[in-house]
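# Tertiary structure, described
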Amino acid sequence: MSVTDPISDMLTRIRNAHRALHADLAIPASKLKASIAAILKEEGYIADYSVAEAALSITLKYQGGKPIISGLKRVSKPGRRIYVGSGAIPKVQNGLGISILSTSRGILEGGKARELGVGGELLCEIW
């Protein structure tokens, strides 16, 4: 079964697994999803991830029985793409969250893209 918006599907699966208090989840793999998972691990939102043949396995992170991720939002959608310049990258939840962008230098976290002075498509926000 093909999915129209794979990034939105990934975020929804993470959100649902957190609400059900699952320890880990598996989703269909792609390079884009693996890059997003790498950023989530680097920023401390997930415990670990691994890419097998056709599946991306994500180990979720909890603190005191509550999920670390309290919100996920898909910003740029297939019907309406949102592009931002390096000066217009939003601060999520007054700096408590992160934004993920697709730039000419690859998939980057908002703060890193701001430092490098590159803008791009604003994929999602996580807090």
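Parameters and conventions
Think of each chain on its own: its residues are numbered from 1, step by step along the sequence as written. Owing to the predicted nature of the model, reporting of local features is limited to residues with pLDDT of at least 70; listing and counting of side-chain atom pairs is limited to 80 or more, with chain, interface and lining totals taken over all residues. Computation of side-chain values covers all heavy atoms of the structure but excludes hydrogens and water. Think of it this way: any DSSP run of H or I at least four residues long counts as a helix, any run of E at least two long counts as a strand, and we number them from the N terminus. In this analysis, the expected span of each helix is defined as 1.5 Å times one less than the number of residues it contains. The cut-offs for exposure are 20% and 50% of the maximum accessible area for each residue type, with area from a 1.4 Å probe on protein chains only; residues under the lower value are buried, those over the upper are exposed, and the others partly exposed. Within this scheme, the nonpolar core is defined by two criteria: the residues are buried Ala, Val, Leu, Ile, Met, Phe, Trp, Tyr or Cys, and they are joined through side-chain atoms within 4.5 Å. It only takes one pair of heavy atoms within 4.5 Å for two residues to be counted as in contact. Pairing between two strands is assigned when DSSP locates at least 2 bridges connecting them. Note on definitions: angles span 0 to 180 degrees between N-to-C directions of axes, and those axes are lines fitted to C-alpha atoms, for helices only across the stretch in contact. Any angle that is under 35 degrees is reported as roughly parallel, and any over 145 degrees as roughly antiparallel; angles of 65 to 115 degrees are reported as roughly perpendicular and all others as oblique. Whether a crossing is left-handed or right-handed is set by the direction in which the near helix is turned from the far one by less than a right angle, anticlockwise for left-handed and clockwise for right-handed. As a working rule, the residues Ala, Val, Leu, Ile, Met, Phe, Trp, Tyr, Cys and Pro are called nonpolar, Asp, Glu, Lys and Arg charged, and the rest polar, with Gly in that last group.

## Some points on helix α1 (residues 6-19)
Here α1 is 14 residues long and its end C-alpha atoms lie 20 Å apart, about the 20 Å a rise of 1.5 Å per residue gives. Listing the buried residues of α1 in full gives Ile-7, Asp-9, Met-10, Leu-11, Ile-14, Ala-17 and His-18. In the segment just after α1, Leu-21 is the residue with positive phi, at about 60°.

## A short note on the nonpolar core
With 23 residues, the main nonpolar core has Met-10, Ile-14, Ile-58, Ile-100 and Ile-126 as its most contacted residues. Those elements that place two or more of their residues in this core are α1, β1 (24-28), α2 (31-42), β3 (55-60), β8 (98-103) and β10 (120-126). Take this core: its biggest share by element is 5 residues, from α1. Sequence-distant contacts of Ile-14, defined by excluding residues within four places in its chain, comprise Leu-25, Leu-40, Ile-58, Leu-60, Ile-69 and Leu-72. By size, the runner-up hydrophobic cluster in this structure holds 8 residues, among which are Val-75, Ile-89, Leu-108 and Leu-122.

## Quick word on the sheet that holds β1
Read across the sheet, 3 strands follow the order β1-β3-β2 without closing on themselves; strand pairing throughout is antiparallel. The open sheet has two edge strands, β1 and β2 (46-51), and neither has a second partner. Going from strand to strand, the sheet's axes swing by 20° on average, the running direction of each strand aside. Two strands pair when backbone bridges link them, and β2 and β3 are joined in this way by 5 bridges, in the antiparallel orientation. Bridging across to β3, Ile-46 finds its partner in Leu-60. α1 contacts β1 and β3 of the sheet and is inclined by roughly 160° relative to β1. Each of β1, β2 and β3 touches α2; the most contacted strand, β2, lies at about 155° to it.

## Brief notes about the packing of α1 against α2
The geometry of a pair of packed helices is captured by two quantities: the angle between their axes and the separation between those axes. Two elements in contact, α1 and α2, have axes whose closest approach is 10 Å; the angle formed by their N-to-C orientations is 45°. By the angle class used here, α1 and α2 are oblique. Here α1 runs over α2; the crossing is right-handed. Between α1 and α2, the contacting residues are Pro-6, Ile-7, Met-10 and Ile-14 on the first element and Leu-32, Lys-33, Ile-36, Ala-37 and Leu-40 on the second. In terms of residue class, the contact of α1 with α2 is made up of 8 nonpolar, no polar and 1 charged.

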